[in-house]
Amino acid sequence: MSFRQKLLLLFAITILLCVTVMSVSVYGTMRRSFEQANQDRANSVAAQFRSEFQRRGEDVARKVESIAASETVQRIALEINRGVSPASADASGYLGEARTLAAQQQLDFLELVDHQGNILSSAQWQAKFGYPEPAITPATGPADSRAFLKREELPNGPTLGLFAIRAASIGEQPLFVVGGERLDQGFLSTLDIPAGTRVLLYQNLDSNWNPQSLLDLNGAAAGADRIAPLIEKVRSTGQETQGVIHWTADSADAEVFHALPLTGPNEPLMGILLVGSSRRPLIELQRRIISAAMLVGGLGLLVAVLASLWFAARVTRPVVSLAEAARRVAAGDLSAKVDVESSDELGELAASFNRMTEDLLQQKDRAVQAERVAAWRELARRLAHELKNPLFPLQVTVENLMRAKEKSPELFEEVFHESTATLLAEINNLKTIVARFSEFSRMPQPRRRPTQVNEVLRSLLRVFHAQLQDKSGITVQTDLDAALPAIQADPDLLHRALSNLVLNAIDAMPQGGTLTLHTTALANGEVKDRVAISVSDTGAGLTPEECERLFTPYYTTKQHGTGLGLAIVQSVVSDHGGKISVESTKEKGTTFRIELPA
Amino acid sequence: MRVAIQSSPMTLDANTSSTPADYWDMVRLLSLVGDNLVGIDAEGRPQPALANAWQEDSTARHWQFTLRHGVNFHDGTPASASAIALILGPLHPDWNVRATSAAADSLTIDTEASAPTLLAELALPRNLILAHNAAGLPIGTSPFRIADYQPGKLLKLAAVEDSWSGRPFLDAIEIEFGKSLRDQAVALELGRADVIATAPRSANASPRMRTSSSMSLPVELMALVFAPNSKAQDVRLRQALALSIDRKPIQSVLLKGAAEPTASILPNWMTGYSAAFSAQANVQRAKALLADSRPPALTLSYDPRDPQAQLIAERIALNAREAGITVQVSLSGPDDIRLVRIPLPTPDPALALREAARQLSLSPPVLHGKSVEDLFQAEHGLLEDSSVIPLFHLPVASAASPRVHGWAPDRLGGWNLADVWLENSR
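All values reported here derive from a predicted model rather than from experimental measurement.

Thresholds, definitions, all that
- Residues numbered from 1 in each chain as written.
- Chains lettered and ligands numbered in written order.
- Predicted model: local features only at pLDDT ≥ 70, side-chain atom pairs only at ≥ 80, totals over all residues.
- Heavy atoms only, no water.
- Helix = DSSP H or I, 4+ residues; strand = E, 2+ residues; numbered from the N terminus.
- Buried < 20%, exposed > 50% of the residue type's maximum accessible area, 1.4 Å probe, protein only.
- Contact = heavy atoms within 4.5 Å.
- Areas by Shrake-Rupley, 256 points an atom, 1.4 Å probe, with all protein chains shown as cover.
- Pairing = 2+ DSSP bridges.
- Axes fitted to C-alpha atoms, helices over the stretch in contact; angles between N-to-C directions.
- Salt bridge = Lys/Arg side-chain N within 4 Å of Asp/Glu carboxyl O.
- Buried area = accessible area lost by both parts, 1.4 Å probe.
- Polar contact = N/O pair within 3.5 Å; in protein donor to acceptor, adjacent residues only side chain to side chain.
- Nonpolar A, V, L, I, M, F, W, Y, C, P; charged D, E, K, R; others polar.
- Phe/Tyr/Trp six-rings, centres within 6.5 Å; stacked < 30°, edge-to-face > 60°.
- Lys NZ or Arg CZ within 6 Å of the ring centre and 35° of its normal.
- pLDDT = per-residue confidence, 0-100.
- Patch = residues over 30% accessible without salt bridge, like charges linked within 9 Å, V, L, I, M, F, W, Y side chains within 5 Å.
- Left-handed = near helix turned anticlockwise from the far one by under 90°.
- Parallel < 35°, antiparallel > 145°, perpendicular 65-115°, else oblique.

Chemist: Give a detailed account of the overall build of chain A, specifying residues and quantitative values.
Modeler: Assigned secondary structure in chain A consists of twelve helices and 20 strands. Buried residues in chain A amount to 42% of all 598 residues. Residue pairs in contact within chain A that sit at least 24 positions apart in sequence constitute 62% of those at least 6 positions apart. Summing over all exposed atoms, chain A offers an accessible surface of approximately 32,000 Å²; the carbon and sulfur share of this is 54%.

This is how it looks when you write it as structure tokens:
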């Protein structure tokens, strides 16, 4: 990944992180606000419910008090105290009284109860006369003078009511009036419920969860079973709680319910008020925020990409130029320059780079000149050395001739013949030297054709056969790969190069040894595309320094070498697209290894 | 005289009555128009009516009646043996009713089986000797004849000058139909009615005005009847329900003390052994009967035209709940139990038991003799499986305004208006 791409990615991630953090932060704040608003609404409805509960309770108490003070109740109380109507005998006279009184005061429930707590007359269940009213005990009378919640048994099942009790006390036996109103959907309909909120009432009338006891404004609430766990929690703990009810897979249809326990006089759980707030506004706002965040994030990302492209381009252009220049320098082009005009660190770096390349260029020129001078000097030294050897015999021979002419004319003829023979021999020697230099300078381009390397080596061994015979003590070993593929090569040049290596090996083993020729096919995968040729000797070996300079022209380790042999070998190998290497261990021998493409 | 009744009969036929109130209204109406061949008093003794003498053979299959002389129907035709045979014969296809050939005032009835209760049966209201005119209206032999009839609204009767029992004091009787008991009471209070039917109440109940109230012997049975496909197939459940019902509060409060709590079909005044059937509630025993079972919820229905039935049904449901039996009072859907009220149309216990069994859809009682023990055994057999739970025996009550004199309803609930007269009347 380029520096520019990294920079781009960094910018994008930074912007995304910013947008995400901002969105999460906004959503979290909004969610807390909504939850607070929901809580406030639930508290408001609960407070309203309690207020309405209290108001209705006072209303019920007032009505019950009015009934207790009515002429009818006073008459019945009087009759009871006079003993006119003993217990159940003439309760028939009161059978319908409670219903009439309840209708007059618009109460749903009304019972006239004697001092023993037995019902004399019941409006809600006329047949219940004679049965005890649990709210009144003979010992204590009514439990509470305020309105309270009470479970009321009716013919078609229990219900929940808001009750008040008053006594008509004439004489020693009070007559209790127990009146009340239903606490059901009618009660709920009197509440002023905020928009987006609804109120449910669970009448806790059964020991087990009963979906029919969950009421909304229209009666039995739909989907009661989904709210059951929340209600069960309040039933088990008796504490206010809240929960989210998911009605559908769409989370916007969910509602947050606050469940408030409603207790009776002795703290039994009589009912549960459930204030539900729709999560739709929250979810829709959440979706809008997410959409906005995605839009902002997307646009930001786009802007970020464009900006970072521009910025990264601006920032990285000198770096890219530097990298390009560095690559050119690495490739050997020391003329590479970085064109940076900025005055920052990158500009300074570019200027330093330019200075460095200029220095390198100058050093290279100097090195080339020095090397050239050194080469000429080496060449001159070699020439001088090579020419000096035959020149000295020439000079001595000529001086002998001249001396013989002057001092021993009688021997001149004999000396002349001997001297001319020597002169010719030395002149031939000089010609040979010149021919070698000439040969090196005239290395021909290879003329390639399919060539069997093994055949070249065998031919080579045949040429050197006589020489190897003369040099006793050198054993030749061949390990030629029979499956060696033919390569495109100039067999004459190859023969010449390998001859130099074999000659060097023979020269390296004056005391005898083993000359080993080895070939093998090299494969790239399954295709044999190269051949390797090794020429090893068991001579004195070379030092690492010698190995390093071995292929330098005119460098030789021999007393009379020209230093051109291995230079010619390397030239031939290089012209064939191959490579040559040397491995040598002092006192153990040297191996030259050539790899050539097939 | 103005009379108000609760029912609104579209036809004047004793066999079309659907409720006890309708039954008694119709019996009272038709008894003003027609006579039976034989009457029967509260003690179950046969009384002469259109027949003033009778004779039976030793097998009680052959009966011969001597008819009263000079009795005519309201249209003037004589109430001869042949005319009476033409009326009775179609009512009893299994009887052979015929005029005795030897004398015009003699009527013979032959039955296939022994008929020891034939006289009581002839005294039943459905056996009133009523012919019908071209309009289908009944023509009888009693002191009043039908002067006008508006089905469902009104019936006007006029005095028959030459009635065999003598001319009544009243010239006419106007009977208004479809008045509820409350409306009747109001009409009586306001002087718009002279005689009404009332809800029975105990003697302790204080009347609000100087009306003449009368109450019959208990001639109705209120009972719970289990439907054949009731969920209460377990006899222990039925027995538990019977034991759970506390009849006393119902009797004293809902029935205003006028009823007799009972566990027998026939009232005690008729048999003398009613107390042998215990009507005491015993919730503990009821619970014990259900100890090892979970009783199904039962549905109890009642006659919505009966003003007291709903409260009684609800009270029974309350009592049952005490014993752990769920009884839902409902008028909709199939019922497991019905709260019914049936008339006991005769003081003859054997015939009354048979009539009750018929109305309660029970098998006919098996009577092996005429003794009280035989009757007890027969009734005990009917109640053995508790498919019927007798609750109360109820009287029927009437009231007359202060201007009605000579008002003496009989003990079986009938009105004897032929002997009353009105103050300020002609």
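Chemist: Residue-level account of the overall build of chain B, with values.
Modeler: Check the secondary structure of chain B and you find eleven helices and 23 strands. Considering chain B as a whole, with its 426 residues, one finds that 54% of them fall into the buried category.

Chemist: Now, about the pairing of strand β8 (residues 197-203) of chain A: what can you tell me, with residues and values included?
Modeler: All names here are of chain A. Counting buried positions along β8 gives six out of seven residues, so the element sits mostly inside the fold. Pairing between β8 and strand β13 (residues 269-278): seven bridges, direction antiparallel. Paired with T197 across the two strands is S277, which belongs to β13. In this structure, β8 lies alongside strand β9 (residues 214-216), joined through two bridges in antiparallel fashion. For Y202, the partnering residue across the bridge sits in β9 and is L214.

Chemist: I'd love a proper account of the sheet that holds strand β2 (residues 119-122) of chain A, names of residues and values included.
Modeler: Residue and element names in this part refer to chain A. Strand order in the open sheet formed by five strands is β2-β1-β7-β6-β5, with antiparallel pairing between adjacent strands. Strands at the two margins of the open sheet, each flanked by one partner only, are β2 and β5 (148-154). On average, each strand axis in the sheet is tilted by 35° relative to the strand beside it, whichever way the strands run. The pairing of strand β6 (residues 157-168) with strand β7 (residues 175-182) spans eight bridges and is antiparallel. What sits directly across from I165, in β7, is V178. Where helix α2 (residues 71-82) meets the sheet, its contacts fall on β1 (109-113), β2, β6 and β7, and the angle it forms with β7 comes to roughly 145°.

Chemist: Break down the pattern of salt bridges for me, citing the residues and quoting the values.
Modeler: Considering all chains together, one arrives at 42 salt bridges over all chains under this definition. The partner of R166 of chain A in a salt bridge is E65 of chain A, with the nearest N and O atoms 3.0 Å apart. With R166 of chain A in strand β6 and E65 of chain A in helix α1 (residues 3-68), the pair connects residues that are 101 residues apart, well separated along the chain. When its relative accessible area of 18% is taken as the criterion, R166 of chain A is described as buried. With relative accessibility at 45%, the residue E65 of chain A sits in the partly exposed group. R236 of chain B is the salt-bridge partner of D292 of chain B, the closest N and O atoms lying 3.4 Å from each other. Remark: R236 of chain B occurs in helix α5 (residues 235-244) and D292 of chain B occurs in the loop between α8 (283-289) and β17 (298-302); sequence separation between them is 56 residues. Taking relative accessible area as the criterion, D292 of chain B reaches 61% and is therefore assigned exposed. Overall, the relative accessible area of 30% leaves R236 of chain B in the partly exposed class. Look at the salt bridges and you will find they share partners, linking R56, D59, R62, K63 and E181 of chain A into a network.

Chemist: Would you mind going over the interface of chain B and chain A in detail, with residue names and values included?
Modeler: Taken together, the contact pairs 14 residues of chain B with 16 residues of chain A. Together, the buried faces of chain B and chain A total about 1,300 Å²; carbon and sulfur atoms form 60% of this surface. Summed over the shared surface of chain B and chain A, the number is one salt bridge. Note that E153 of chain A is salt-bridged to R321 of chain B, the shortest N-O span being 3.2 Å. For the interface between chain B and chain A, the tally reads four residue pairs in polar contact (both at pLDDT 80 or more). For the side of chain B that touches chain A, the secondary-structure elements that each account for two or more residues are α6 (247-254) and α9 (309-322) of chain B. Among the elements that take part in the side of chain B that touches chain A, α9 of chain B stands out by supplying seven residues, more than any other. Among the residues making up the side of chain B that touches chain A, the classes are represented as six nonpolar, three polar and five charged.

Chemist: Tell me what's going on with the sheet that holds strand β5 (residues 62-67) of chain B, and back it up with residues and numbers.
Modeler: Residues and elements named next belong to chain B. In spatial order, the strands read β4-β5-β7-β6; together these four strands make up an open sheet with antiparallel pairing. Unpaired on one side and paired on the other, β4 (51-56) and β6 (95-99) mark the two borders of the sheet. Each adjacent strand pair in this sheet contributes to an overall mean axis angle of 20°, direction not counted. Of the strand pairs in this sheet, β5 and strand β7 (residues 106-111) are connected by five bridges, and their pairing is antiparallel. Across the sheet, the residue bridging to H62 is D110, located in β7. The sheet contacts of helix α2 (residues 81-91) involve β5, β6 and β7, and relative to β6 the element is tilted by about 160°.

Chemist: Describe unusual backbone geometry, with residues and values.
Modeler: Most peptide bonds adopt trans geometry, and most residues besides glycine take a negative phi value. Residue and element names in this part refer to chain B. A positive phi angle is found at K256, which is not glycine, with a value near 55°. Within the secondary structure layout, K256 lies in the loop between α6 and β16 (260-261). Here the phi dihedral of S386 falls at roughly 55°; this positive angle occurs in a residue that is not glycine. If you trace the backbone, S386 turns up in the loop between α11 (372-383) and β20 (388-394). Judged by its relative accessible area of 11%, S386 is buried.

Chemist: Run through the packing of aromatic side chains, naming residues and quoting values.
Modeler: Going through the model one piece at a time under the given rule, you end up with 13 aromatic pairs over all chains. One aromatic cluster in this structure is built from F109, F148 and F163 of chain A. R238 of chain B extends its terminal NZ or CZ atom over the ring of F226 of chain B, reaching a point 5.9 Å from the ring centre. In this arrangement the basic side chain of R315 of chain B is found over the ring face of F129 of chain A, its NZ or CZ atom lying 4.0 Å from the centre.

Chemist: Give me the confidence of the model for chain B: which residues, what numbers.
Modeler: Detailed reading of the predicted model is not advised wherever pLDDT is low. In the predicted model, chain B carries a mean pLDDT of 90, and the fraction of residues at 70 or more is 96%. By mean pLDDT, strand β14 (residues 212-215) of chain B is the weakest element of chain B at 83, and β20 of chain B is the strongest at 96.

Chemist: Outline a nonpolar patch on the surface, supporting the account with residue identities and numerical values.
Modeler: All names here are of chain A. A cluster of nonpolar side chains, L295, L299, L302, L306 and L309, forms an exposed patch at the surface whose accessible area comes to about 490 Å². Residue position: L295 is located in helix α6 (residues 280-330). Residue classification places L295 among the exposed positions, given a relative accessible area of 56%.

Chemist: Requested: an account of the environment of E399 of chain A, with residues and values cited.
Modeler: Residue and element names in this part refer to chain A. Within the element layout of this structure, E399 appears in helix α7 (residues 345-407). Judged by relative accessible area, which is 34%, E399 ranks as partly exposed. The sequence separation of E399 and S419 amounts to 20 residues, and the corresponding C-alpha distance is 9.7 Å.

Chemist: Tell me what's going on with the pairing of β4 of chain B, and back it up with residues and numbers.
Modeler: All names here are of chain B. Across five bridges, the pairing between β4 and β5 is antiparallel. Of the residues in β5, the one forming a bridge with Q55 is Q64. Linkage of β4 to β5, two consecutive antiparallel strands, is achieved through a turn of five residues, within which A60 is found at a positive phi near 60°.

Chemist: Describe in detail the environment of A158 of chain B, supporting the description with residues and values.
Modeler: Residues and elements named next belong to chain B. Of note, A158 is situated in strand β11 (residues 154-159). A158 sits in the buried class, given a relative accessible area of 13%. Remark: the alpha-carbon pair of A158 and D148, spanning ten residues in sequence, is separated by 8.9 Å. When residues no more than four places from it in sequence are discounted, the contact partners of A158 are P143, F144, R145, A147, D171 and A172.

Chemist: A description of the packing of helix α10 (residues 491-508) of chain A against helix α12 (residues 565-575) of chain A should follow, citing residues and the corresponding values.
Modeler: Residues and elements named next belong to chain A. Look at α10 against α12: their axes get within 9 Å of each other, and the N-to-C directions meet at 145°. Judged by the twist between their axes, the crossing of α10 over α12 is left-handed. Contacts between α10 and α12 pair L493, L494, R496, A497, N500, L501 and N504 from the former with G565, L566, I568, V569 and V572 from the latter.

Chemist: Outline the packing of helix α10 (residues 349-359) of chain B against α11 of chain B, listing residues and values.
Modeler: All names here are of chain B. It is the contact of α10 with α11, at a shortest axis distance of 11 Å, that shows an interaxial angle of 10°. When the axes of α10 and α11 are compared, the pair comes out roughly parallel. Only L375, A378, E379 and L382 of α11 make contact with α10, whose side of the interface consists of P349, A350, L353 and A357. Of the residues in the contact of α10 with α11, the class split is seven nonpolar, no polar and one charged.

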